[in-house]
Amino acid sequence: MESASENFNLHATMQAIGSAAIAVIGHMLFKFAIHGLIMALLLMLFGFILEKRKHRFGKPLILVTRRVCLFCAVLCLPGAYFLVKDGHLPDAGVFNINSYGFIGLWGLIYLHLTAEETYHRESKI
């Protein structure tokens, strides 16, 4: 009877780990970041409208969206590299997510960050 270590192929295992890492970094994070950027641009527009009307939530919303835009731009870099180099994102296998999931996640992230920014701005006054 053969043991499991006799059939183990380190090179094939490392290739599988590498392709999985490329799929996660190049494809999944790219889609996550694109959804974040789109929501940030919409919320920044909303923040500018609130700021123009002298509402107290305008400035914190603008500050949060500026930081998140920078974060999402950095997350988009590997996926953009693959788009430019290959013309498509790396294959992610059976990865299938609805945009509602990303929108819900980013909504919770923005809610938390804006609440924290508002709290810290009001505690300084």
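Quick look at the structure, then. This one's a predicted model, so the numbers in the text were calculated from it and none came from an experiment. (Residues numbered from 1 in each chain as written. Predicted model: local features only at pLDDT ≥ 70, side-chain atom pairs only at ≥ 80, totals over all residues. Heavy atoms only, no water.)

**Regarding the pattern of salt bridges**
Moving on, step 1. Inspection of the entire model under this criterion finds 2 salt bridges.
Moving on, step 2. With a shortest N-O distance of 2.7 Å, R67 and E117 are connected by a salt bridge. Highlighted residues: R67 in helix α2 (residues 58–86) and E117 in helix α3 (residues 99–124), separated in sequence by 50 residues.
Moving on, step 3. Residue R67 is classed as partly exposed on the basis of its relative accessible area, which comes to 48%.
Moving on, step 4. E117 sits in the buried class, given a relative accessible area of 17%.
Moving on, step 5. The partner of D86 in a salt bridge is K85, and the shortest N-O contact between them spans 3.9 Å.
Moving on, step 6. Among the residues examined, D86 registers a relative accessible area of 40% and is labelled partly exposed. (Salt bridge = Lys/Arg side-chain N within 4 Å of Asp/Glu carboxyl O. Helix = DSSP H or I, 4+ residues; strand = E, 2+ residues; numbered from the N terminus. Buried < 20%, exposed > 50% of the residue type's maximum accessible area, 1.4 Å probe, protein only.)

Read these as spatial facts, not as claims about activity.
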